[in-house]
Amino acid sequence: MTLRLHNTLSREIETFTPIEPNHVRMYVCGITIYDLCHVGHARFLMVFDMISRWLRTLGYRVTYVRNITDIDDKIIRRALEIGVPIRELTTQMTQAMHADIAALGIEPPTHEPRATQHVPQMLDMIRTLEQRGLAYRATSGDVNFAVRKFAGYGKLSGKSIDQLRSGERVAVGEGKDDPLDFVLWKAAKGSEPDDAKWNSPFGPGRPGWHIECSAMCRDLLGEHFDIHGGGIDLQFPHHENEIAQSEGATGRPFVNYWLHNGSLNVDNVKMSKSLGNFFTIRDVLKHFDGETLRLFMLRTHYRSPLNFSSANLEDARSALRRLYTALSGISGLELHGAAIDWSAGPAAAFRAAMNDDFNTAGALAVLFELASEVNRTGALAQAALLKSLGSVLGLLQQPPMQFLQAGSGLDEAGIAARIAERVAAKQARDFALADRIRQELADQGIELQDSPQGTTWVKA
């Protein structure tokens, strides 16, 4: 089955055909690195890690570029607030980001460019846009992109310029010819530190956010490449503006397939610092392991909104335990290294799901069906297939008992305590709680055996 994916540009499911046979070039907008990464960042990082893994599984060579935005208004403000140089702040936060996403099992991209390393390329592109009549110097000293001079602006968002402008007014003092015009080069302000400024033909200043990604794309992937991705919040204006300035500078198509992951909500409410429902990756990893967070996120289709809650994470942890429990009693599993036969059976079903616009929920359903079969038969071949298919999604790569015992209190004292809780629940005639304790232990590979003499346990 051929890979089919949803292209935001066409708003349709399309058959994927790379520009260069057997080679996929993909760019994903990375993180503006002024603070610790939050679970919203984890979502897009996980989505495009999954996509990169699947493309490689299909046999493609993947050149994956994920940038770091290390100069921006927020970065400047934060550096001034805490009294450190910008480079010191961004270096510290980049190191923290790498540690956090490694804990989630997210593989590094092929290239991870920093915006500040590509300022000359940005200036070259701005000069080209000015020469082509698509950029102008404002009275403020900024250089802006003239949106109305680029035919096709709005094709990614699916809206005309007049629709996008509806209800807007020209901001006083910005010197823009049109409210939709966006900045390519920001003139330096006296209040900004020296490490936020570069010399240029347009005067001292720094690049705008949108031009950063266009220049890095072009430098590392060429003028025309296969996939550009990011969160749905970037579709407009960031990605719309990337198309305008990139195609405006080159006169040729920019990207063939645009992929956007859905938003992340917390208890069905949009995550926001102002609402107090904001969680860093480190917050979550204090209570849940990285693999549980990975399974939790992959259970929802990448284009759908994802509801983040402790209850949903607990459910994902129980589900992951069920998978590991199926593997825990299989001897010789660690020595089994057979390649996956994708032509039939569970592997074919897994492949069909992933080729259907990266349907990870369908692929995970195959894993749970396999786990049930392993529990029923104890077959080594089926267990090995379960582990191998899990690895495609970055799952099930720990020794089963290591995962089942880690942080779960599954030593003898911990199991005895849970049995005592269950006995007390039964004496109080709270049979629902007693059943839940039995199931929770079963999910962790512990089978309870009741008798007139009491309750004993064995590893399932």
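Now for a quick tour of the structure.

So, how was this worked out
- Residues numbered from 1 in each chain as written.
- Predicted model: local features only at pLDDT ≥ 70, side-chain atom pairs only at ≥ 80, totals over all residues.
- Heavy atoms only, no water.
- Helix = DSSP H or I, 4+ residues; strand = E, 2+ residues; numbered from the N terminus.
- Buried < 20%, exposed > 50% of the residue type's maximum accessible area, 1.4 Å probe, protein only.
- Contact = heavy atoms within 4.5 Å.
- Areas by Shrake-Rupley, 256 points an atom, 1.4 Å probe, with all protein chains shown as cover.
- Lys, Arg positive; Asp, Glu negative; His and termini not counted.
- Charge placed at Lys NZ, Arg CZ, Asp CG, Glu CD.
- Salt bridge = Lys/Arg side-chain N within 4 Å of Asp/Glu carboxyl O.
- Polar contact = N/O pair within 3.5 Å; in protein donor to acceptor, adjacent residues only side chain to side chain.
- Expected span 1.5 Å × (residues − 1).
- 1 Å grid on protein atoms, 1.4 Å probe; cavity = no way out; pocket = protein on both sides within 12 Å on 5 of 7 lines; lining within 4 Å.
- Points joined across faces, edges and corners; volume = space filled by probe spheres on them.
- Nonpolar A, V, L, I, M, F, W, Y, C, P; charged D, E, K, R; others polar.
- Phe/Tyr/Trp six-rings, centres within 6.5 Å; stacked < 30°, edge-to-face > 60°.
- Disulfide = S-S within 2.5 Å.
- Pairing = 2+ DSSP bridges.
- Axes fitted to C-alpha atoms, helices over the stretch in contact; angles between N-to-C directions.

### Considerations on the overall build of the protein chain
Here comes step 1: Helix and strand counts for the protein chain stand at 16 helices and 15 strands.
Here comes step 2: When its C-alpha atoms are laid out on the principal axes, the protein chain stretches across 90 × 50 × 40 Å.
Here comes step 3: In the protein chain, which comprises 460 residues, the share counted as buried stands at 50%.
Here comes step 4: Restricting to contacts in the protein chain with at least 6 residues of sequence separation, those with at least 24 account for 73%.
Here comes step 5: Accessible surface computed for the protein chain: about 20,300 Å², of which carbon and sulfur atoms make up 50%.
Here comes step 6: If you average the places of the 49 positive and of the 54 negative side-chain charges in the protein chain, the two averages end up 1 Å apart.

### Looking at the pattern of salt bridges
As a working rule, side chains carrying opposite charge can pair if their charged atoms are close by.
Here comes step 1: What the rule picks out here adds up to 26 salt bridges.
Here comes step 2: In this structure, the salt-bridge partner of R376 is E373, at a minimum N-O distance of 2.8 Å. Linking R376 with E373, this pair stays in helix 12 (residues 360-377), spanning three residues, or about one helical turn.
Here comes step 3: Owing to a relative accessible area of 25%, E373 belongs among the partly exposed residues under this scheme.
Here comes step 4: Salt bridges sharing partners connect three or more residues here, namely D49, R53, R56, E107 and R294.

### Focus on the side chain of R25
Here comes step 1: Here R25 lies in strand 3 (residues 23-32).
Here comes step 2: Here R25 is buried and forms no salt bridge, its nearest opposite-charge partner D226 lying at an N-O distance of 4.2 Å.

### So, the environment of S200
Here comes step 1: As for its placement among the helices and strands, S200 is situated in the loop between strand 7 (182-187) and strand 8 (205-207).
Here comes step 2: S200 sits in the buried class, given a relative accessible area of 18%.
Here comes step 3: When residues no more than four places from it in sequence are discounted, the contact partners of S200 are L123 and W185.
Here comes step 4: Within the structure, the side chain of S200 is placed 3.4 Å from the side chain of W185, a separation counted as a polar contact.
Here comes step 5: Within the local environment of S200, its side chain forms a polar contact with the backbone oxygen of G203, the two atoms lying 2.6 Å apart.

### Here's the deal with helix 10 (residues 310-328)
Here comes step 1: Between the first and last C-alpha of helix 10 there are 26 Å, a value that for 19 residues agrees with the 27 Å anticipated at 1.5 Å per step.
Here comes step 2: For helix 10, the set of buried residues is L313, A316, R317, S318, A319, L320, R321, L323, Y324, T325, A326 and L327.

### Description of empty space enclosed by the protein
Here comes step 1: Scanning the entire structure with this criterion turns up two cavities of 30 Å³ or more.
Here comes step 2: Quantified by volume, the largest cavity comes out at close to 60 Å³.
Here comes step 3: Lining the largest cavity are R43, M46, V47, M50, M297, L298, T300, H301, Y302 and T360.
Here comes step 4: Elements with a contribution of two residues or more to the lining of the largest cavity: helix 1 (39-57) and helix 9 (290-298).
Here comes step 5: Per-class residue counts for the lining of the largest cavity are six nonpolar, three polar and one charged.
Here comes step 6: By volume, the second largest cavity is sized at about 40 Å³.
Here comes step 7: For the lining of the second largest cavity, the elements supplying multiple residues, two or more each, are helix 6 (209-221) and helix 7 (235-250).

### A look at the packing of aromatic side chains
Here comes step 1: Here the structure, examined in full by the defined rule, presents 13 aromatic pairs.
Here comes step 2: Considering the side-chain rings of F296 and F308, the 5.9 Å spacing of their centres and the 75° angle between planes classify their relative orientation as edge-to-face. Of the two residues, F296 is situated in helix 9 and F308 in strand 13 (residues 306-308); the sequence distance between them amounts to 12 residues. Exposure class is identical for F296 and F308. Each is buried.
Here comes step 3: Considering the side-chain rings of W342 and F350, the 6.1 Å spacing of their centres and the 40° angle between planes classify their relative orientation as tilted.
Here comes step 4: Cluster of aromatic residues (ring-pair linked, three or more members): F16, Y60 and Y257.

### Structural notes on the state of the cysteines
Here comes step 1: With the rule as written, the count across this model stands at zero disulfides.
Here comes step 2: No disulfide involves C37; its nearest neighbouring cysteine sulfur is the one of C29, lying 15 Å away.

### Section: the sheet that holds strand 13
Here comes step 1: A sheet is described by the order of its strands in space; here three strands give the open sequence 12-11-13, paired in mixed fashion. Either end of the sheet is taken by a strand with one partner, and the two such strands are strand 12 (269-270) and strand 13.
Here comes step 2: Pairing analysis gives two bridges linking strand 11 (residues 264-266) to strand 12, with the strands arranged antiparallel. Considered in strand 12, the bridge of V266 is made with V269.
Here comes step 3: Along the sheet, helix 9 makes contact with strand 11 and strand 13, crossing strand 13 at roughly 140°.

Everything listed here is a matter of coordinates, which is why it stays silent on function.
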